[in-house]
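Chains, contacts and geometry: an overview
Read off the chains here:
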Amino acid sequence: MNPITLQNYAEGKWIAGSGGMAELRSAINGDVVALTSSQGLDFSAMLNFACNHGGPALRALTFHDRAKLLKALAEALTARKEELYELSYNTGATRADSWIDIDGGIGTFAVYQGKGRRELPNERILIDGALEALSRNGTFQGLHVYTSLQGAAVHINAFNFPVWGMLEKLAPTFLAGVPAIVKPASATSYLTEAAVRIMLEANVLPKGALQLIVGSTGDLFDHLTCQDVVSFTGSAQTAAKLKSHPVIQRESVRFVAEQDSLNASVLGPDVTPDAPEFDLFVKEVAREMTAKAGQKCTAIRRALVPAGLLDAVQDALIARLEKTTPGDPRDEATRMGALVSISQREDVRAKVAELARDASIVFGDPKASPVNEKGAFISPVLLRCDRPWEARAVHDVEAFGPVSTLVPYKDGADVIALANRGKGSLVMSVFTHDTTFARDVVLGSGAYHGRLAFIDRDSVKESTGHGSPMPHMIHGGPGRAGGGEELGGIRGVTHYMQRSALQGNPRVLSAVVNRYVAGMPVEEATQHPFRRKFHDLPIGYQLKTKSREITLEDIEHFAHFTGDTFYAHMDEVAAAANPLFGGRVAHGYLILAFAAGLFVDPDPGPVLANYGLDNLRFVKPVKPGDAIQVALTVKDKTLRKPDQGEVRWDVVVTNRDGDTVAAYDLLTMNAA
Ligand code: NAP
């Protein structure tokens, strides 16, 4: 096969490098599969192109529009994913490995498009938290909001996930309304380039939303500003170098790093050899060692085991590893493919030699070249470190391949302290059925790990396992792991936005965020709001109901009808002794039901369904003889389908004195 010449995608055009081509070789047989270079690119112009075209176009879209883009891109990638699977063999990945990368990446887009439509408003400004009361009379209030950064997101990715690595960063970036410049690791950039082509050929992205650099980033960093973000995944060494770039420092450019990580997995002190967690642990350590030939940022590098079980775990692990011989990834029977390159294999061998100063190799020969001489194949290597407190390398050195070290511990406190010696990791898994130990681990070790996965007999069938970062959950970790945070659902979107504190009169705040803010001037309803269709309901349109007295008879009737005869509603003496009530009070649910009775317009109309309440609070008790009145105000609206939209109503129930007795958001689905 002739090598392909990769192209950069810059300023809306595919451009091959003008010289200095680097050869990219197949992990399986060493053949040159691609040539790559970014020589000749105008990196400053690429940033300008992103800022002048991609940014404004994406920012003009709402979160829901951007979510639709992700959906369309996911569909385009799914339709052509076999092209990616085919290329992926050259990276040394088996089909199962590629599934994590390719389908895992597309899945991340799918999750983000769903979250974007469900959890974000159909808006361009995102509100963070509740209104903050800053003044006695409510004329000056506070609100936190996020707006899109106005620069570019520069994504620098590691070689091990050429597709997922790109898509997990692009999903929150696009949702945030920020254009991206992607720079994949050279070794596997042919796969990233193919995925970028598929996305661009889907023809849904605005001009300038996505650019690609296949090769060096040249002088790109010299032109970054405070509106750009660098999201980096790779080695600690490169992260340190890039982070200390003078422009990053001077301009306070956001720099998110995901780097080396000495992830641990703990077999709990409660586990015996015949407990289900024993086998689950052994299986997971073996799986994490061999999936993607151990080239996973989350792979288990230290397997922490009760000292008394060390031999038993070692034997069981070796029995599994013996069955995982490396082989050609195209062969369906192969359970472990190759490392990405010969130089990566040299690196792994060097790191194993360092580890072997503290530990002994109990399985595998790191020097052997199984399968063939030209490919980057290596055997899984299991080490055992009997004196972990005297060891250094085991807690400091990451061999980025199918390598793990067994580490014994004495007791719960000892294993927590040993886990923390990794100085910060992306993930730690704990195989235990003991909930007290689980809590001790979180209290003692949570601060050192970005993610803690508890796996036991009850969760295993549905568990996503130790190694999979889920788009819903944060990915990143403190210290050695880089101190960065990605994903985590909508949290990840905000990494590409600026949070600002807004202070002002509710009228101004409401107009800015396009949402009802308490204290703003309202439009008194001239027509019942339930008679109005979605599009005819302005924010701040308010119905004030008549008032209704609540009698003792009402309370007793409600109690017997619903079966809720709680003493506070039924027994005057007992209720009088209650320090909060000092006598019988109406049920909270009676107030809700009566409130609905006051504000509902009964005839068929545009309100199709009431589907819930949010943020309900019963603020003050209502005693027999008191009266309630309701203010129902249009708070927020989200079109869900062309002919239907969700209306969020602010509901405030007051008593005779005008004091709030209950407050909540009511959600209805309305015809548009
Ligand atoms: P790397 O050598 O640090 O490279 C990472 C990325 O940085 C590549 O795209 C690389 O491009 C780029 N790069 C290198 N020098 C640069 C420079 N001076 N300016 C701009 N970009 C530069 O790491 P790797 O070998 O690809 O990946 C292996 C390492 O990544 C392992 O240590 C592993 O622990 C870590 N990793 C961490 C995570 C995580 O999520 N925490 C995930 C995967 C991997 P070139 O390839 O073109 O040099």
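Residues numbered from 1 in each chain as written. Predicted model: local features only at pLDDT ≥ 70, side-chain atom pairs only at ≥ 80, totals over all residues. Heavy atoms only, no water.

1. Structural notes on the packing of aromatic side chains
For the coordinates displayed, the defined rule picks out nine aromatic pairs. Taking the centre distance of 4.9 Å and the plane angle of 55 degrees together, the rings of Tyr-9 and Trp-14 count as tilted. The exposure class assigned to Tyr-9 is buried, which follows from its relative accessible area of 15%. A residue is classified by how much of its surface remains accessible, and Trp-14, at 26% relative accessible area, is partly exposed. Ring geometry for Tyr-589 against Phe-618: centres 6.2 Å apart, planes inclined by 90 degrees, an arrangement best described as edge-to-face. With Tyr-589 in helix H20 (residues 588-599) and Phe-618 in strand S25 (residues 607-618), this residue pair connects regions lying 29 residues apart in the sequence. One aromatic cluster in this structure is built from Phe-530, Phe-599 and Trp-649. One residue, Arg-95, lies across the ring of Tyr-85, its end atom 3.9 Å from the ring centre. In this arrangement the basic side chain of Lys-292 is found over the ring face of Phe-161, its NZ or CZ atom lying 4.8 Å from the centre. (Phe/Tyr/Trp six-rings, centres within 6.5 Å; stacked < 30°, edge-to-face > 60°. Buried < 20%, exposed > 50% of the residue type's maximum accessible area, 1.4 Å probe, protein only. Helix = DSSP H or I, 4+ residues; strand = E, 2+ residues; numbered from the N terminus. Lys NZ or Arg CZ within 6 Å of the ring centre and 35° of its normal.)

2. Re the pattern of salt bridges
Counted under the stated rule, the structure contains 36 salt bridges. Note that Glu-119 and Lys-115 form a salt bridge whose closest N and O atoms lie 2.8 Å from each other. Taken together, the positions of Glu-119 and Lys-115, both in helix H4 (residues 95-119) and four residues apart, correspond to about one turn of that helix. The exposure class of Lys-115 is buried, given its relative accessible area of 12%. Here Lys-635 makes a salt bridge to Asp-665, at a shortest N to O gap of 3.1 Å. Residue Lys-635 is located in strand S26 (residues 627-641), and its partner Asp-665 is located in strand S28 (residues 660-671); the two are separated by 30 residues in the primary sequence. (Salt bridge = Lys/Arg side-chain N within 4 Å of Asp/Glu carboxyl O.)

3. Details of the pairing of strand S13 (residues 264-267)
Residues Ala-264 and Val-266 line one face of S13 and the alternating positions Ser-265 and Leu-267 line the opposite face, and both faces are buried. In the sheet, S13 pairs with strand S14 (residues 302-306) via three bridges, with the strands oriented parallel. Across the sheet, the residue bridging to Val-266 is Leu-304, located in S14. Sheet topology places S13 next to strand S18 (residues 425-431); four bridges connect them, and they run parallel. Bridge pairing in S18 places Leu-267 opposite Phe-431. (Pairing = 2+ DSSP bridges.)

4. Some remarks on the domain arrangement of the protein
For the protein, the assigned domains read domain 1 (4-121 + 150-258), domain 2 (264-419) and domain 3 (522-671). Using C-alpha coordinates to define each centre, domain 2 is positioned 60 Å away from domain 3. (Domains from an automatic or database assignment.)

5. Some remarks on the site of the ligand
Every one of the 25 residues lining the ligand counts as a neighbour, but Asn-157, Ser-186, Ser-235, Thr-238 and Glu-398 are closest to it. Between the ligand and the protein, one listed contact pairs an oxygen atom with a backbone N or O atom of Ala-185 at 3.3 Å. One of the backbone nitrogen or oxygen atoms of Gly-234 is found 3.2 Å away from an oxygen atom of the ligand. Protein coverage of the free-state accessible area of the ligand, which is 900 Å², stands at 80%. Listing elements by their share of the shell around the ligand, those giving two or more residues are strand S11 (229-233) and helix H7 (236-243). (Near = heavy atom within 4 Å. Polar contact = N/O pair within 3.5 Å; in protein donor to acceptor, adjacent residues only side chain to side chain. Areas by Shrake-Rupley, 256 points an atom, 1.4 Å probe, with all protein chains shown as cover.)

6. Notes on the packing of helix H17 (residues 552-562) against H20
As a packed pair, H17 and H20 sit with axes 10 Å apart at the nearest point and diverge in direction by 105 degrees. In this view, H17 runs roughly perpendicular relative to H20, as classed from their interaxial angle. Judged by residue contacts, Asp-554, Ile-555 and Phe-558 of H17 engage Tyr-589, Leu-590, Ala-593 and Phe-594 from H20. Considering only residue class, the contact of H17 with H20 consists of six nonpolar, no polar and one charged. (Axes fitted to C-alpha atoms, helices over the stretch in contact; angles between N-to-C directions. Parallel < 35°, antiparallel > 145°, perpendicular 65-115°, else oblique. Contact = heavy atoms within 4.5 Å. Nonpolar A, V, L, I, M, F, W, Y, C, P; charged D, E, K, R; others polar.)

7. Points about the packing of helix H5 (residues 164-176) against helix H6 (residues 189-201)
For the pair H5 and H6, the least separation of the axes is 10 Å and the interaxial angle reads 40 degrees. What the angle tells us is that H5 and H6 run oblique. On the side of H5, the interface is formed by Met-166, Leu-167 and Leu-170, while H6 contributes Thr-192, Ala-195, Val-196 and Met-199. Taken together, the residues that form the contact of H5 with H6 break down as six nonpolar, one polar and no charged.

8. Remarks on the side chain of Gln-344
Within the fold, Gln-344 resides in helix H11 (residues 342-355). A polar atom in the side chain of Gln-344 sits 3.3 Å from the backbone oxygen of Phe-400. Ignoring sequence-local partners within four residues, the contact set of Gln-344 consists of Phe-159, Gln-295, Leu-339 and Phe-400.

9. Brief notes about the sheet that holds strand S16 (residues 381-384)
The seven strands are arranged S15-S16-S17-S14-S13-S18-S19 in an open sheet whose pairing can be described as mixed. Only two strands of the sheet have a single neighbouring strand rather than two, namely strand S15 (360-363) and strand S19 (449-455). Ignoring strand direction, the axes of neighbouring strands in this sheet form an average angle of 25 degrees. Of the pairings in the sheet, the one linking S18 to S19 comprises six bridges and is parallel in character. Looking across to S19, one finds that Met-428 is bridged to Leu-452. Here helix H9 (residues 276-290) sits on the sheet in contact with S13, S14, S16, strand S17 (403-409), S18 and S19, set at roughly 165 degrees to S13. Where helix H13 (residues 412-420) meets the sheet, it contacts S13, S14, S17, S18 and S19, and its direction lies at approximately 145 degrees from that of S17.

10. Points about unusual backbone geometry
In this model, Ala-293 sits at a positive phi of 50 degrees, which is unusual for a non-glycine residue. Counting through the fold element by element, Ala-293 comes out in the loop between H9 and S14. On the basis of relative accessibility, which here comes to 1%, the residue Ala-293 falls in the buried class. Even without being glycine, Leu-487 reaches a positive phi, approximately 55 degrees. Within the element layout of this structure, Leu-487 appears in strand S21 (residues 486-487). By relative accessible area, which is 1% here, Leu-487 ends up buried.

11. Observations concerning empty space enclosed by the protein
In total, this model carries four cavities of 30 Å³ or more according to the counting rule given. Considered as a void within the structure, the largest cavity measures approximately 80 Å³ in volume. Lining of the largest cavity is provided by 13 residues; of these, Asn-160, Trp-164, Gly-165, Glu-168 and Thr-233 occupy positions nearest its centre. Across the lining of the largest cavity, the residue classes break down as four nonpolar, five polar and four charged. Residue lining of the second largest cavity: Thr-91, Gly-92, Ala-93, Asp-97, Phe-159, Asn-160, Pro-162, Thr-188, Lys-292, Gln-295, Ala-338 and Val-340, and that is the complete set. Class assignment for the residues of the lining of the second largest cavity results in five nonpolar, five polar and two charged. (1 Å grid on protein atoms, 1.4 Å probe; cavity = no way out; pocket = protein on both sides within 12 Å on 5 of 7 lines; lining within 4 Å. Points joined across faces, edges and corners; volume = space filled by probe spheres on them.)

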